[in-house]
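Listed below are the residues making up each chain.
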Amino acid sequence: MTDTTNAAVPVIDDANFEMYTENAPWGGRCGTVAPKHGYKSVVPFSVPLIPREQWPQLIAEQARTQSRLSDLVAAGDRGQPIPHLDQNGQGFCWAYSTAHAIIACRARDGQPYRRLSAHAVACKIKNFRDQGGWNPLSAEFAINRGFPTVETWPEQSMSRSYDTAETWEEAKRYRITEGYMDLTPRAWDRNLTFDQLATCLLCRIPCPVDFMWWGHSVCALDLLEVDGSRPLHDIARWGVGIWNSWKNWGRNGYGIIKGRKAVPDGACAVGVVTQS
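Residues numbered from 1 in each chain as written. Predicted model: local features only at pLDDT ≥ 70, side-chain atom pairs only at ≥ 80, totals over all residues. Heavy atoms only, no water.

1. Points about helix α8 (residues 194-202)
Burial of α8 is extensive: eight of the nine residues sit out of reach of the surface. When α8 is considered as a whole, its buried residues turn out to be Phe194, Gln196, Leu197, Ala198, Thr199, Cys200, Leu201 and Leu202. Elements in contact with the buried residues of α8: α2 (55-65), β4 (207-211), β5 (216-225), β6 (238-243) and β9 (269-273). The first or second residue beyond α8 is Arg204, which carries a positive phi of 60°. (Buried < 20%, exposed > 50% of the residue type's maximum accessible area, 1.4 Å probe, protein only. Helix = DSSP H or I, 4+ residues; strand = E, 2+ residues; numbered from the N terminus. Contact = heavy atoms within 4.5 Å.)

Structure follows, in structure tokens:
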């Protein structure tokens, strides 16, 4: 999934990012906005940082062994690619990024593919209103209640008829049981640094990430070395492979963000999910 020479994979950087904000499926920004309250269910980031000196070797080894998260997703549906989710032009990207992270975790752990209903979680959080949010909203919800599958809450539905005890009982099978968030005084400052994000991805921990320049939330899957001629400290050396929730975007929703544009404004990490 990370062959940058394939024209089907969008590559976003400082030079072309406006094209992607202007050509969103609904003609503009998605639904990423800063929250006004804190989050109680996540734990501080505790994964030892991987030094940048080790990044190139680890990136190359994951590519050689096809063990990147994107590789696991590409074979996660009984050897076939797991199809990406589609938010249907509504401002629920901040729930879809977390749903993608849970799905990626399950693929990493060898669990069967289950298509999750991100609309269900967004509707519950926003009282069935089409509103923007911040990925920790859905991550916290996934820790406490989980995501139902599309069998119990049909994909893209905003009908209250699916908001049943049976739906949320099933959702318990698809919960985040261990997640990380950087703890700072204000909820909207709780961002993983790029080194924390890189460490998670090198450890195959998927990360919902928010980008204010895009007004959008996606799931980060891979750390990439996009320009090995640059020094290690130069952000332009690095990129992030993402899983997007827009229909007919990228290669099965996969794209690449390079350099400064790859540094998220908000991020959390989905370390462990329920085994089901």
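2. With respect to the environment of Tyr113
Note on placement: Tyr113 falls in the loop between α4 (93-108) and α5 (118-125). Take Tyr113: its relative accessible area is 18%, and that puts it in the buried class. Distance in space between the C-alpha atoms of Tyr113 and Pro83 is 9.8 Å, their sequence separation being 30 residues. Engagement of the side chain of Tyr113 in a polar contact is seen with the side chain of Arg115, the distance being 3.1 Å. (Polar contact = N/O pair within 3.5 Å; in protein donor to acceptor, adjacent residues only side chain to side chain.)

3. Quick word on the nonpolar core
By size, the foremost hydrophobic cluster in this structure holds 45 residues, and its most contacted members are Ile102 and Phe147. Those elements that place two or more of their residues in this core are α3 (69-74), α4, α5, α6 (135-144), α7 (165-171), β5, β7 (254-258) and β9. When residues of this core are assigned to their parent elements, the largest contribution, eleven residues, is made by α4. Beyond its immediate sequence surroundings of up to four residues, Phe147 is in contact with Ala95, Thr98, Ala99, Ile102, Leu116, Ser117, Ala118, Val121, Ser138, Ala142, Ala171 and Tyr174. One finds Trp55, Cys207, Trp214 and Ile257 within the second-largest nonpolar core, a separate group that totals 34 residues. (Core = buried A, V, L, I, M, F, W, Y, C linked by side-chain atoms within 4.5 Å.)

4. Some points on the confidence of the model for the chain
When pLDDT is averaged along the chain, the result is 88, and 85% of the positions lie at 70 or above. Across residues 2-7, where pLDDT falls below 50, the model places ten contacts with residues more than four positions away in sequence or in other chains. Per-residue pLDDT stays below 50 along residues 183-191; that stretch engages in 23 contacts with residues further than four places along the chain or on separate chains. (pLDDT = per-residue confidence, 0-100.)

5. Focus: the packing of α5 against α6
Packing of α5 against α6 leaves a shortest axis separation of 10 Å and a crossing angle of 100°. Overall, the two elements α5 and α6 adopt an arrangement that is roughly perpendicular. Contact residues: Val121, Lys124 and Ile125 in α5; Leu137, Ser138 and Phe141 in α6. (Axes fitted to C-alpha atoms, helices over the stretch in contact; angles between N-to-C directions. Parallel < 35°, antiparallel > 145°, perpendicular 65-115°, else oblique.)

6. Examining the pattern of salt bridges
Note that side chains of opposite charge can pair when their charged atoms are close. Enumeration according to the criterion identifies 14 salt bridges in this entry. We note a salt bridge from Glu155 to Arg115, for which the minimum N-O separation is 2.8 Å. Pair noted here: Glu155 is in the loop between α6 and α7 and Arg115 is in the loop between α4 and α5, with a separation of 40 residues, a long-range link. Asp163 serves as the salt-bridge partner of Lys124, at 3.1 Å between the closest nitrogen and oxygen. In this pair, Lys124 is assigned in helix α5 and Asp163 in the loop between α6 and α7, connecting sequence segments 39 residues apart. Among the residues examined, Lys124 registers a relative accessible area of 28% and is labelled partly exposed. For Asp163, a relative accessible area of 28% gives the class partly exposed. (Salt bridge = Lys/Arg side-chain N within 4 Å of Asp/Glu carboxyl O.)

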